[in-house]
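Spelled out from the first residue to the last, the chains are:
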Amino acid sequence: MFHIFCPYCQEHREEEEFHARGQAHLMRPADPDNTSDEEWGDYLFFRNNPRGIHHEMWVHSVGCRKFFNITRNTVTYDILETYPMGEQPTITADSEKLRKEQGVQTADGGWQTVGAQPESKALNEETSS
Amino acid sequence: MTQSNRIDAGGRVDRSQVLEFTFNGQRYQGFKGDTLASALLANGVNIVNRSFKYSRARGIVAAGAEEPNAVVQLGARADTQVPNVRATQQGLYNGLVARSTNGWPNVQRDVMSWVGRLGGGFMPPGFYYKTFMAPASMWMTYEKYIRMGAGLGRAPTESDPDIYDHMHHHCDVMVIGAGPAGLAAALAAARAGARVILCDEQEEMGGSLLDSRETLDGVAATRWVEQTLKELAGLANVTLLPRTTANGYHDHNFVTLHERRTEHLADTARAAGFSGQSRARLHRVRAGQVVLASGTHERPLVYANNDLPGNMLAGAVSNYIRRYAVVPGNRLVLSTSNDHAYRAALDWQEAGRKVVAIVDARANPDGDLVRQARDSGIRVITNSAVIEARGHQRVTGARVSAVDLERFVVTGKVDELECDTIATSGGYSPVVHLSSHTGTRPQWDEALLGFVPGKVKGMISAGGVAGQFDLGETLADGARAGRQAAQERGFSGAQDIALPATRTRRESPACALYQVPHEKSALRAPKQFVDLQNDVTAAGIEVATREGFESIEHVKRYTALGFGTDQGKLGNINGMAIAARCLDRSIPEVGTTVFRPNYTPVTFGAIVGRHCGELFDPKRYTALHQWHVENGAEFEDVGQWKRPWYFPRTVNGKKETLHEAVNRECLAVREGVGILDASTLGKIDIQGPDAREFLGRVYTNKWAQLAPGRVRYGLMCKDDGMLMDDGTTSCLGDNHFLMTTTTGGAAGVLEWLELWHQTEWPELQVYFNSVTDHWATMTVTGPDARKLLSELTDMDLDRESFKFMDWRDATVAEVPARIFRISFTGELAFEINVQANYALHVWKKLFEHGEKYNLTPYGTETMHVLRAEKGLIIVGQDTDGSVTPEDLGMQWAIGYDKPFPWIGKRALSRPDTLRGDRKQFVGLKPKDPNVVLEEGAQIVFDGKQSIPMDMKGHVTSSYYSASLKHGFALAVVMGGRDRMGQTVYIPMTDGTVYEAEIVSPVFIDPKGERQHV
Ligand SMILES: [Zn+2]
């Protein structure tokens, strides 16, 4: 269960107080009447599903009722930052890639990671016991 | 039966407290401080279960959570049954009753053993895999025999008499395991000032120190345990949770603990003298730092017949002797790959029984413990291993031979040693389970010959689980971990704590030994068991690898290795080692296993806590609820609300049925006056200078011209053009509106409004607030509604001054009210809103004055019939998220020419929403007036078509109408609006095919005159 920092309440609260509301930073086309069916379909139905850093919108539904954004690693489940509506993330997949290319030691990737770099193909398989 | 295996001195049992217990119907005695397992061993009980697949006799193997065989059904009564209890973790109490989980009808002579004698032909390796790949009927054939023969525990047949609860904690440092590392960690963190929770799954805290041969500061290690626990118990910042298993380690350092509070004392909490207290508790801990000090599990060796009762883990033998004063046999052969296991032989000999030999796989073992054994006169056979156990229902001998581990062959002559117990040790596996719950993968440590926890943010592993096997180093490691965890939490004053002095021992290195070679191949030798609970053999794993299953995860699914309730705690690494040998790879190349919560089974009671019975889900009552109860209402759940469904009367001594009551209620509204408690409708107060603009964007219809005092019905779509909610919104003032929503949609609509305001249009000045509970709503409807209401209000209710779709402030029965002239019945109707706590007064006044009009209370069922007769939709019943306002024929409520591109508008011109053959909303009139169609029934155009028929629509609402005197239905039908008057067919599962005519969905008063009177 996540421990989420609400940027409005300014404190960590339990996941039970929040609802996930899908991908963040979706832009509703400004002039829908002059948007093609394909563009409108993209806006309605198509979402990113990245392995790694992802930006999601959440709402503090039984708290302050405010919507805000989360930068989350979908592999480690680490929440890297939360920020209010209207702001842009400081951490993105591109920024992390750049840091790696420049040889900057990145954070260990989160609450759960390390096994994320498997030593063999077999280790890479999703498993359960 | 006497406790023939109990020795007179030593152990941590209280011999003055004799406890009676029953196992498989037989009565035994044990002592306070025993576990069920130690008491069974004390009484010489060899067989505790029959194995799952081959029905072989099985005895106790281990002394802790890793026990695969001694899994019992606990409970003296039908209502106190607990399945899947490990006897090794169950404290003994007076009157305890337990039975074997497997082994119908009894473990001694099992009718299922014919399965075993068929040599596994019944369920060969890959049985599950192949069975599930086959048509499902295969499994149906086998299932009943398997379930009957090899029970998997029985659910209680009566309600649990006990209560359970949950507790929520925040702490700085959560220490899991109270062995040497955990105790030192807790002490270090606690002294630094951190809030510490220390939990341990055993009956007593102390872990390996409780059966240790070591001294601390020159005295028994248990002394240091006592002192440390005393100090910790005295600290206000420390919570000690014994008998508490950390069962799950979840995201962001969230740990779930299962505390057994009275299960070691009696069958129920009440019987234990804890009336009103919980039997078990689930602690939900959000930890700043976790110190994982879960220790190790010893690995058994895999050799032929290693499942016979009398084959045990070396450490378990020591544990039973030193902690419980129980020697589980007379003549011991120890087979080992390491020094540490020698303790078992020394303990056995000191207990006064015969150690036949220690068989060591290493060439030149030379550590201090090895010397001590030799000095004590114990025969040590090197370069060798036990290759096979002999015996029928108990070990009677051990076949021992020299082995070449490199070539995996037996090299010498085989000797048979007479013995009744074979203890084995193949090394120690860190208990990495919890760390892998988080998703991290354990890392193979070649020096250690085991997996250690992967790195987890916020977790420090210490002691055995981190690969520290030396006691002094384990204590130091624990203290360091506790100090570091406290520092991470900002307790910078953390200092070194003084640790007790330990003896340093010289140890010769362990060798890698998992499966022991046999003279015959694995496939021809007697069975060599890897997973005792699931009857997985070395041969089975070999077969799996031959059939091409190369990843351990595939091998596991093929053989069911590790799929038991013990999650293969003993067998997984041996299984991986065997697969690795067969595939000629290293263990980490074959893979690793990922363990899932829960570490050991958790009772449903603890998971559920107090969320059962009355507290299962919150209930919402309207302000008028008590009146409804007193007037005999039957209730219906609508979301969390309890709504009156109908109000049956007793006529001639007989209570009306639903249909009788509904027919009467419907006619009362159509012919006289009825009243409905509509308080549950969602109500959202909307204010701000941009409120009107906002409404125009979220509703499909127009709001610019709505004047104060007027009401409008609105449709709300998602941006895909599909209807999501409907309701009326009233203009209370230029900047002030009151929106109503469906009962079930209230919370969702409020969040929807917030979503669009906060994310798309933050520039609009508008505010939303739920006022659902603030107002009670009473709908007075029917031709006599005006006459009745006029007796209670001074307001002018004249049809010209108070028109349909008007609202006014007024007083009703001297209570300030808002009256809305809106109708969901098609009749003249007034919806009276008053502050909720005045509602009962107003309601009763209406009935006082309503008696002469035969004012009739009605419930949701009548409301549904009345609105359906008028063709009014219910969102979620007549719609399902794929229906547009156009599909419903509600073009009149769509403002295509509004300036702002409102939500849903663009999607209504997508090709799919413009299709002419979309399902459209229509009425259905069954040809037989007595037929009431089934809601959800499919509609076809050709009633004689063979199956599969072309489904062209479905029935969404269907009732009998007392006013029309026939059944009628609402439906969605492809291209339905162009098919008025046509006949459609509704085929039922019993072969009946109903005929119905497509008609307008408005069955009564199509011109809408009655609501305007
Ligand atoms: Zn908040």
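Conventions used here
- Residues numbered from 1 in each chain as written.
- Chains lettered and ligands numbered in written order.
- Predicted model: local features only at pLDDT ≥ 70, side-chain atom pairs only at ≥ 80, totals over all residues.
- Heavy atoms only, no water.
- Helix = DSSP H or I, 4+ residues; strand = E, 2+ residues; numbered from the N terminus.
- Buried < 20%, exposed > 50% of the residue type's maximum accessible area, 1.4 Å probe, protein only.
- Contact = heavy atoms within 4.5 Å.
- Areas by Shrake-Rupley, 256 points an atom, 1.4 Å probe, with all protein chains shown as cover.
- Lys, Arg positive; Asp, Glu negative; His and termini not counted.
- Charge placed at Lys NZ, Arg CZ, Asp CG, Glu CD.
- Buried area = accessible area lost by both parts, 1.4 Å probe.
- Salt bridge = Lys/Arg side-chain N within 4 Å of Asp/Glu carboxyl O.
- Nonpolar A, V, L, I, M, F, W, Y, C, P; charged D, E, K, R; others polar.
- Axes fitted to C-alpha atoms, helices over the stretch in contact; angles between N-to-C directions.
- Left-handed = near helix turned anticlockwise from the far one by under 90°.
- Donors = N, O, S within 2.8 Å, 3.2 Å for Na, K, Ca; no water.
- Tetrahedral: all angles 85-135°; square planar, octahedral: opposite > 155°, others 65-115°.
- Core = buried A, V, L, I, M, F, W, Y, C linked by side-chain atoms within 4.5 Å.
- Patch = residues over 30% accessible without salt bridge, like charges linked within 9 Å, V, L, I, M, F, W, Y side chains within 5 Å.
- UniProt positions renumbered as here; feature names shortened; annotations may be inferred.
- Pairing = 2+ DSSP bridges.
- pLDDT = per-residue confidence, 0-100.
- Phe/Tyr/Trp six-rings, centres within 6.5 Å; stacked < 30°, edge-to-face > 60°.

## Observations concerning the overall build of chain B
Broken down by element type, chain B carries 24 helices and 52 strands. Viewed in the frame of its principal axes, chain B has a C-alpha envelope of about 115 × 70 × 60 Å. Burial status across chain B gives 61% buried among its 1013 residues. Counting only contacts in chain B whose residues sit at least 6 apart along the sequence, the fraction spanning at least 24 positions is 66%. Per element, the accessible surface of chain B, about 39,500 Å² overall, is 50% carbon and sulfur. When the 111 basic and 118 acidic side-chain charges of chain B are each reduced to a single mean position, those positions are 4 Å apart.

## Side note on the overall build of chain A
Looking only at helices and strands, one finds two helices and six strands in chain A. Each helix and strand of chain A, placed in order from N terminus to C terminus, yields the pattern β-β-β-α-β-β-β-α. The buried share among the 129 residues of chain A stands at 43%. A fraction of 49% describes how many contacts in chain A between residues 6 or more apart in sequence connect residues 24 or more apart. Carbon together with sulfur atoms contributes 48% to the accessible area of chain A, which is approximately 7,500 Å² in total.

## A few points about the interface of chain B and chain A
Taken together, the contact between chain B and chain A spans 58 residues of the former and 44 residues of the latter. When the two sides are added together, the surface that chain B and chain A hide from each other amounts to roughly 4,400 Å², 48% of it contributed by carbon and sulfur. Scanning the region where chain B abuts chain A turns up eight salt bridges. A salt bridge links R284 of chain B to E16 of chain A; the shortest N-O distance between them is 2.8 Å. Contributions of two or more residues to the side of chain B that touches chain A are made by strand 15 (278-292), helix 13 (552-559), helix 15 (587-590), helix 20 (746-759) and strand 41 (767-770) of chain B. Among the elements that make up the side of chain B that touches chain A, the one with the highest residue count is helix 20 of chain B (eight residues). Among the residues forming the side of chain B that touches chain A, the class breakdown is 18 nonpolar, 21 polar and 19 charged.

## Things to note about the packing of helix 5 (residues 180-191) of chain B against helix 11 (residues 471-488) of chain B
Residues and elements named next belong to chain B. Close contact between helix 5 and helix 11 brings their axes to 7 Å; oriented N to C, the two are set at 35 degrees. With respect to the hand of their crossing, helix 5 and helix 11 are arranged in right-handed fashion. For the pair formed by helix 5 and helix 11, the contact residues are P180, A181, A184, A185, A188 and A189 on the first element and L471, T474, L475, G478, A479, G482, R483 and A486 on the second. The residue inventory of the contact of helix 5 with helix 11, partitioned by class, reads 10 nonpolar, three polar and one charged.

## So, the coordination of the zinc ion
All names here are of chain A. The zinc ion binds to the protein through C6 (SG), C9 (SG), H60 (ND1) and C64 (SG); the donor distances cover 2.0 to 2.3 Å. If you look at the zinc ion, its four donor atoms make angles of 107 to 114 degrees with each other, and the shape they trace is tetrahedral. Sequence positions of the donors to the zinc ion reduce to the motif C-x2-C-x50-H-x3-C. The exposure class assigned to C64 is partly exposed, which follows from its relative accessible area of 27%.

## Thoughts on the nonpolar core
Residues and elements named next belong to chain B. By size, the foremost hydrophobic cluster in this structure holds 62 residues, and its most contacted members are F21, F23, L36, Y320 and I358. Ignoring sequence-local partners within four residues, the contact set of Y320 consists of A37, S38, L41, I60, A62, A63, T88, M312, A325 and V326. Among the nonpolar cores identified, the runner-up in size contains 37 residues, and A184, A188, V238 and L471 belong to it.

## Thoughts on unusual backbone geometry
All names here are of chain B. Along the chain, P597 connects to N598 via a cis peptide bond; the corresponding omega equals 5 degrees. In this fold, N598 is placed in the loop between helix 15 and helix 16 (604-608). Following I947, the chain continues into P948 via a peptide bond in cis, with omega recorded as 0 degrees. The residue N305 is not glycine, and still its phi comes out positive at about 60 degrees. Residue class for N305 comes out buried when judged on its relative accessible area of 14%.

## Things to note about a nonpolar patch on the surface
A grouping of F604, I607 and V608 of chain B is seen on the molecular surface, where their side chains present a nonpolar patch of about 300 Å² in accessible area. Relative to the helices and strands, I607 of chain B is located in helix 16.

## Here we look at the packing of helix 7 (residues 314-324) of chain B against helix 8 (residues 342-350) of chain B
Any two packed helices are characterised by how steeply their axes cross, that is the angle between the axes, and by the distance between the axes. All names here are of chain B. The interhelical angle for the contact between helix 7 and helix 8, taken along N-to-C directions, is 35 degrees, at an axis separation of 8 Å. Considering how the two elements wind past one another, helix 7 and helix 8 form a crossing that is left-handed. Here A314, G315, V317, S318, I321 and R322 of helix 7 come into contact with helix 8, specifically with R343, A344, D347, W348 and E350. For the contact of helix 7 with helix 8, a count of residues per class yields five nonpolar, two polar and four charged.

## Re the UniProt feature "domain: GCVT N-terminal" (unreviewed entry) in chain B
Those residues carrying the UniProt feature "domain: GCVT N-terminal" (unreviewed entry) are residues 624-898 of chain B in this numbering. Helix makes up 25% of residues 624-898 of chain B and strand makes up 29%, while its end C-alpha atoms are separated by 41 Å.

## A short note on the sheet that holds strand 6 (residues 82-86) of chain B
Residues and elements named next belong to chain B. A sheet is described by the order of its strands in space; here five strands give the open sequence 2-1-7-5-6, paired in mixed fashion. Single-partner strands in this sheet number two, and they are strand 2 (26-32) and strand 6. On average, adjacent strands in this sheet sit at an angle of 40 degrees to one another, irrespective of strand direction.

## Let's talk about the UniProt feature "domain: Aminomethyltransferase C-terminal" (unreviewed entry) in chain B
UniProt records the feature "domain: Aminomethyltransferase C-terminal" (unreviewed entry) for residues 919-1005 of chain B in the present numbering. Counting secondary structure, residues 919-1005 of chain B comes out at 0% helix and 46% strand; the distance between its end C-alpha atoms is 25 Å.

## A few points about the sheet that holds strand 40 (residues 736-741) of chain B
All names here are of chain B. As summarised here, the arrangement of the five strands in space is 38-39-40-37-41, forming an open sheet in which the pairing is antiparallel. Unpaired on one side and paired on the other, strand 38 (711-717) and strand 41 mark the two borders of the sheet. Between one strand and the next, the sheet's axes are offset by a mean angle of 30 degrees, whatever the strand orientation. Two elements, strand 37 (residues 682-687) and strand 41, share four bridges in a ladder whose sense is antiparallel. Bridged to I684 within strand 41 is S770. Contacting strand 37, strand 38, strand 39 (723-733), strand 40 and strand 41, helix 19 (residues 691-698) crosses the sheet at an angle of about 30 degrees to strand 40. Together, strand 37, strand 38, strand 39, strand 40 and strand 41 form the strand contacts of helix 20, whose direction differs from that of strand 37 by roughly 25 degrees.

## As for the pairing of strand 33 (residues 641-646) of chain B
Residue and element names in this part refer to chain B. Of all six residues in strand 33, five are buried; the element is thus mostly enclosed. Across five bridges, strand 32 (residues 634-638) lies against strand 33 in antiparallel orientation. From the neighbouring strand, E634 faces strand 33, where its bridge partner is Y646. Between strand 32 and strand 33, which pair antiparallel and follow one another directly, the connecting turn spans two residues, one of which, G639, has a positive phi of 60 degrees.

## Some words on the confidence of the model for chain B
Residue and element names in this part refer to chain B. Taken over all residues, the pLDDT of chain B has a mean of 93, while the share at 70 or more is 95%. Within the model, the stretch residues 114-121 combines pLDDT values under 50 with six contacts to residues more than four positions away or in other chains. With pTM at 0.90, the complex prediction returns an ipTM value of 0.88.

## Describing the packing of aromatic side chains
Residue and element names in this part refer to chain B. In total, this model carries 27 aromatic pairs over all chains according to the counting rule given. Ring geometry for Y54 and F529: centres 6.2 Å apart, planes at 65 degrees, overall edge-to-face. Placement of Y54 in the loop between strand 3 (49-50) and strand 4 (57-58) and of F529 in strand 30 (residues 529-531) is noted, with a sequence separation of 475 residues between them. Centre to centre, the rings of W444 and F451 are 4.9 Å apart; their planes meet at 75 degrees, and the pair counts as edge-to-face.

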